[in-house]
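In case you want the letters, here they are:
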Amino acid sequence: MKKKVLITCMLLFAVLNIQAQQAQQDKKWYDTFKFSGYGMLQYQYQDRNETKTNTFNLRLMRMILDGKIGDFDWRAQIQGTNAKGPGEPTVQLVDLYTEWVKHKEARIRIGQFKRAFTFENPTHPITQGWYAYADVINRLSGFGDRAGEKSSGGRDIGIQLQGDLFPNASGRRLLHYQIGVYNGEGVNRSDKDNRKDIIGGLWVMPISGVRIGAFGWTGSHGGMVEHVLDQDGYIIDQRTDISLPLNRYCLSAEYDKNEMTFRAEYIHSQGWAAQAIGSNVIDYSKGDKADGWYVFGIVPVVKSKLHAKARYQCYRQSKDWDSSKTMYEVGANYFINKNLEITAEYARVNDRTLNKHDYNFVDVEFDFRF
């Protein structure tokens, strides 16, 4: 009888212990769960092409879920924006991925996430410091892309390997690598031509705060249409399901430390363009090459309170000066607290694709985090 009681007690203890361990594991998972987000409210003025506009915009809103399950991190992010234009909001899933993070030397990410291309692309809009990413980033890094891809925030669906190598005496790692394989079609879209894009990057960090790197991208953009024209320019036929080759490289340098950020990048692209962002019609008149660059500095005037900034950028949609758009920008970012920020900037723009090349541009934003 005593033996049966002892066995019963041991079994009961084992069950309770398993339940306690499971509860502890569940609590551990629950403790890693995090909900956050931010909103960006915008006012813009410009006198482009002798037509003045001034308007309030809802630039974007994001809601983010982060968590950890064992050696895996995960993220889901939803964005709402007026990317199609005022009154035509777009709400879409922008991030959904998990990443095995057990070893710093080799981490594997799978799902939908930022492409492994340029230093600027992975930065969050609310921490990037400007009214928008540089034009060359937008046009050649998968935002409103030259190749016709719809606005995808620099993201795609695929798998990526990345890691940090060669720690120095203080533990700071000196080399980062990353390489990914993607559909090549942007967010929430399957591969249209069954050809994958391969994108990789490598940078060294010789001094704390400094990164010097290079990136490469080879792939294609499927589902394109070619219009066949007669001698008068009228469409008489069309070819469909064309895949446009896409080859790009980027050279990058950055210093980011003590609230000071200086960054410069140059991007070159080879591959035909589409008629417009989101269009699948090829526009051969734009040529098969484009390039652009930017350089900026953001420095603290009052630490953690007020930053001054200046940026020079140029994008050439046909890799010639007749197709160039250049912006000279100055501004300031004021931090009410760590979750509230007011940004303002003025730009003088020279766009040689317009009848009136020069115009003024003003942007003021109120950004908040939660």
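Residues numbered from 1 in each chain as written. Predicted model: local features only at pLDDT ≥ 70, side-chain atom pairs only at ≥ 80, totals over all residues. Heavy atoms only, no water.

(A) Broad picture of the overall build of the protein. When its secondary structure is counted, the protein shows three helices and 18 strands. Split into buried and exposed, the 370 residues of the protein put 45% on the buried side. Looking at the protein alone, contacts between residues at least 24 apart form 55% of all its contacts between residues at least 6 apart. Carbon and sulfur atoms make up 60% of the accessible area of the protein, which totals about 19400 Å². (Helix = DSSP H or I, 4+ residues; strand = E, 2+ residues; numbered from the N terminus. Buried < 20%, exposed > 50% of the residue type's maximum accessible area, 1.4 Å probe, protein only. Contact = heavy atoms within 4.5 Å. Areas by Shrake-Rupley, 256 points an atom, 1.4 Å probe, with all protein chains shown as cover.)

(B) Quick peek at a nonpolar patch on the surface. On the surface, L41, L58, Y334, I336, I342, V364 and F366 cluster together into a nonpolar patch covering about 560 Å² of accessible area. Here F366 shows up in strand β18 (residues 358–369). With relative accessibility at 32%, the residue F366 sits in the partly exposed group. (Patch = residues over 30% accessible without salt bridge, like charges linked within 9 Å, V, L, I, M, F, W, Y side chains within 5 Å. Salt bridge = Lys/Arg side-chain N within 4 Å of Asp/Glu carboxyl O.)

(C) Spatial organisation of unusual backbone geometry. Of note, F166 is a non-glycine position whose phi angle comes to about 60°, a positive value. Residue placement: F166 occurs in strand β6 (residues 155–167). Given a relative accessible area of 54%, F166 falls into the exposed group.

(D) How the structure looks around the side chain of E341. Among the secondary structure elements, E341 is positioned in strand β17 (residues 340–351). Buried charge without a salt bridge: E341, with R369 as the nearest opposite-charge side chain at an N-O distance of 4.9 Å. Apart from residues no more than four positions distant in its own chain, E341 is found in contact with I126, N333, Y334, F335, E365, F366 and D367. (Lys, Arg positive; Asp, Glu negative; His and termini not counted.)

(E) Representation of the pattern of salt bridges in the model. Taken as a whole and assessed by the stated rule, the structure comprises 21 salt bridges. The shortest N-O distance in the salt bridge between D66 and R75 comes to 2.7 Å. In this pair, the class of D66 matches that of R75, namely buried. Between D156 and R115 there is a salt bridge, and its shortest N-O distance comes to 3.1 Å. Here the residue D156 occupies a position in strand β6, and R115 occupies one in the loop between β5 (106–114) and α2 (125–128), the gap between them amounting to 41 residues. For the pair D156 and R115, one class covers both residues: buried. Within the structure, one salt-bridge network assembled from shared partners comprises E99, R107, R109 and D164.

(F) Structural detail: the nonpolar core. Ranked by size, the top nonpolar core spans 27 residues in total, and within it F117, V136, I137 and I267 carry the most contacts. Counting residues per element, the ones that place at least two in this core are α3 (135–140), β8 (197–204), β9 (210–229), β10 (235–257) and β14 (289–302). Here the element with the most residues in this core is β14; it accounts for four residues. Excluding residues that lie within four positions of it along the chain, I137 makes contacts with T118, E120, G142, F143, E265, I267 and Y294. (Core = buried A, V, L, I, M, F, W, Y, C linked by side-chain atoms within 4.5 Å.)

(G) Structural view of the pairing of β10. Alignment of β9 against β10, held across 17 bridges, turns out to be antiparallel. By the bridge assignment for β10, H221 is matched with L244. Of the pairings in the sheet, the one linking β10 to strand β11 (residues 260–270) comprises 11 bridges and is antiparallel in character. Pairing of Y249 across the sheet is with H268, part of β11. Hairpin connection of β10 to β11: two residues between the antiparallel strands, including N258 at a positive phi of 55°. (Pairing = 2+ DSSP bridges.)

(H) Inspection of the pairing of strand β4 (residues 90–103) at higher detail. When strand β3 (residues 72–81) meets β4, the two strands line up antiparallel, connected through 10 bridges. What sits directly across from D73, in β4, is E99. The pairing of β4 with β5 spans six bridges and is classified as antiparallel. By the bridge assignment, H103 is partnered in β5 with A106.

(I) Structural view of the packing of aromatic side chains. Applying the stated rule across the entire model yields 20 aromatic pairs. Look at Y312 and Y328: their rings are 5.4 Å apart centre to centre, the planes differ by 35°, and that puts the pair in the tilted class. With Y312 in strand β15 (residues 306–316) and Y328 in strand β16 (residues 324–337), the pair connects residues that are 16 residues apart, well separated along the chain. For Y312, a relative accessible area of 27% corresponds to the partly exposed category. Among the aromatic residues, ring-to-ring pairing joins F117, F119, W203, F215 and W217 into one connected group. Geometry around W217 places R248 over its ring, the cationic atom sitting 5.0 Å from the centre. (Phe/Tyr/Trp six-rings, centres within 6.5 Å; stacked < 30°, edge-to-face > 60°. Lys NZ or Arg CZ within 6 Å of the ring centre and 35° of its normal.)

(J) Here's a closer look at the environment of A132. Within the secondary structure layout, A132 lies in the loop between α2 and α3. Remark: the alpha-carbon pair of A132 and R59, spanning 73 residues in sequence, is separated by 9.8 Å. If we skip the residues at most four places from it in the chain, A132 touches R59 and R311.

(K) Representation of the side chain of T343 in the model. Its place among the elements puts T343 in strand β17. Using a relative accessible area of 5% as the deciding quantity, one classes T343 as buried. Filtering out sequence-adjacent residues up to four positions away, T343 remains in contact with K309, A332, N333, D363, V364, E365 and D367.

(L) Local environment of the environment of G70. With respect to the element layout, G70 can be found in the loop between β2 (53–69) and β3. Separated by 32 residues in the primary sequence, G70 and K102 place their C-alpha atoms 8.9 Å from one another.

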